[in-house]
Amino acid sequence: MRIDPKSWAEAFVAELTVGGERVPFERVLAHHLDEVGKLRATSGLTWRGITPLLTRAGARRANGGLISADQLRVGYARLVRHAEEAVDSPPPKTASRSTQGNGVRSRPAAAAELEPSEPPSRPRMAVRQTSSQLGKPSSDREEVSEDEIALALTAAISAFPTGPQLRE
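Residues numbered from 1 in each chain as written. Predicted model: local features only at pLDDT ≥ 70, side-chain atom pairs only at ≥ 80, totals over all residues. Heavy atoms only, no water.

Help me understand the packing of helix H1 (residues 5-14) against helix H4 (residues 47-57) in this model?
When two helices pack together, you describe them by how their axes are tilted relative to each other and by the distance separating the axes. It is the contact of H1 with H4, at a shortest axis distance of 8 Å, that shows an interaxial angle of 60°. Between H1 and H4, the angle falls in the class oblique. Crossing geometry of H1 relative to H4 is assigned as right-handed. The residues of H4 that touch H1, namely those facing Pro-5, Trp-8, Ala-9, Glu-10, Phe-12 and Val-13, are Ile-50, Leu-53, Leu-54 and Ala-57. Tallied by class, residues from the contact of H1 with H4 come to nine nonpolar, no polar and one charged. (Axes fitted to C-alpha atoms, helices over the stretch in contact; angles between N-to-C directions. Helix = DSSP H or I, 4+ residues; strand = E, 2+ residues; numbered from the N terminus. Parallel < 35°, antiparallel > 145°, perpendicular 65-115°, else oblique. Left-handed = near helix turned anticlockwise from the far one by under 90°. Contact = heavy atoms within 4.5 Å. Nonpolar A, V, L, I, M, F, W, Y, C, P; charged D, E, K, R; others polar.)

Hey, could you run me through H4 in this one?
A turn of α-helix holds 3.6 residues, and therefore any two residues three or four places apart point the same way. For H4, every residue scored as buried is listed here: Trp-47, Ile-50, Thr-51, Leu-53 and Leu-54. Down the axis of H4, the buried side of the element spans an arc of 155°, and every buried residue falls inside it. Away from its buried face by more than 90 degrees, H4 exposes Arg-48 and Arg-56. Tucked into the core, H4 has its buried residues touching H1, helix H3 (33-43) and helix H5 (69-88). In the segment just after H4, Gly-58 is the residue with positive phi, at about 110°. (Buried < 20%, exposed > 50% of the residue type's maximum accessible area, 1.4 Å probe, protein only. Arc of directions from axis to C-beta.)

For this particular structure, what's the right way to read the pattern of salt bridges?
Two side chains with opposite charge may pair up if their charged atoms get near one another. Following the criterion strictly, the structure yields three salt bridges and no others. Between Arg-73 and Asp-70 there is a salt bridge, and its shortest N-O distance comes to 3.3 Å. Taken together, the positions of Arg-73 and Asp-70, both in helix H5 and three residues apart, correspond to about one turn of that helix. Note on Arg-73: relative accessible area 38%, which makes it partly exposed. On the basis of relative accessibility, which here comes to 42%, the residue Asp-70 falls in the partly exposed class. In this structure, Glu-85 and Arg-81 form a salt bridge, with 3.9 Å as the shortest nitrogen-oxygen distance. One end of the pair is Glu-85 and the other is Arg-81, both in helix H5 and four residues apart, which spans about a single turn. Taking the relative accessible area as the measure of exposure, Arg-81 reaches 41% and is therefore partly exposed. (Salt bridge = Lys/Arg side-chain N within 4 Å of Asp/Glu carboxyl O.)

Just to check I follow, could you spell out the confidence of the model for the chain for this structure?
Any region with low pLDDT has predicted coordinates that should not be read closely. On average, residues of the chain score 75 in pLDDT, and 61% of them are at 70 or above. Here helix H6 (residues 107-114) stands out as the least confident element of the chain, with mean pLDDT 45; H4 is the most confident, with 95. Note on residues 105-134: pLDDT under 50 across the span, and 28 contacts to partners over four residues away in sequence or across chains. Contacts for the low-pLDDT stretch residues 136-141, under 50 throughout, to residues beyond four places or in other chains number one contact. (pLDDT = per-residue confidence, 0-100.)

Got a minute to help me understand the nonpolar core in this structure?
A general trend in soluble globular proteins is that nonpolar side chains are found buried together. Counting residues in hydrophobic clusters, the biggest one holds 23 residues, and the most contacted among them are Trp-8, Phe-12, Leu-29, Ile-50 and Leu-54. Elements with a contribution of two residues or more to this core: H1, helix H2 (25-31), H3, H4 and H5. Excluding anything up to four places from it in sequence, Leu-29 contacts Phe-12, Val-36, Leu-72, Gly-75, Tyr-76 and Leu-79. (Core = buried A, V, L, I, M, F, W, Y, C linked by side-chain atoms within 4.5 Å.)

Okay, here's the thing in structure tokens:
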């Protein structure tokens, strides 16, 4: 089945605004990923051929500028890559919810979902092992926050000589 390029472009542009609010271009592109692929395959249009269709239908960037062929091409490639990665990788494990025999969640599981949790802390990164740590068990490895790493880097950078000393 062939896609009518003009009506597709009009439908695409209609989805860029919902209730007067702007929808991100790539979000709409993700919704039309299959159609873009079919459009390119069946009509032979290139990225430079598709962008004028969108422009004539009224598509614009958030800043009012024209959508470019490169923006469309890169957005499409990124979305296809993410879709392929999602298919190749196993689904993320979710915490199992305890249920009673009738399928209703028990009080502790339901309460845990409703109670506010602590705000997420900054991610912690494992420190690379030094030669003196190689023999230590993994439980003795230290974890360091991004703030601590930034402080260490700042201290290391400030230790570098500056000014005329560098010219020697």
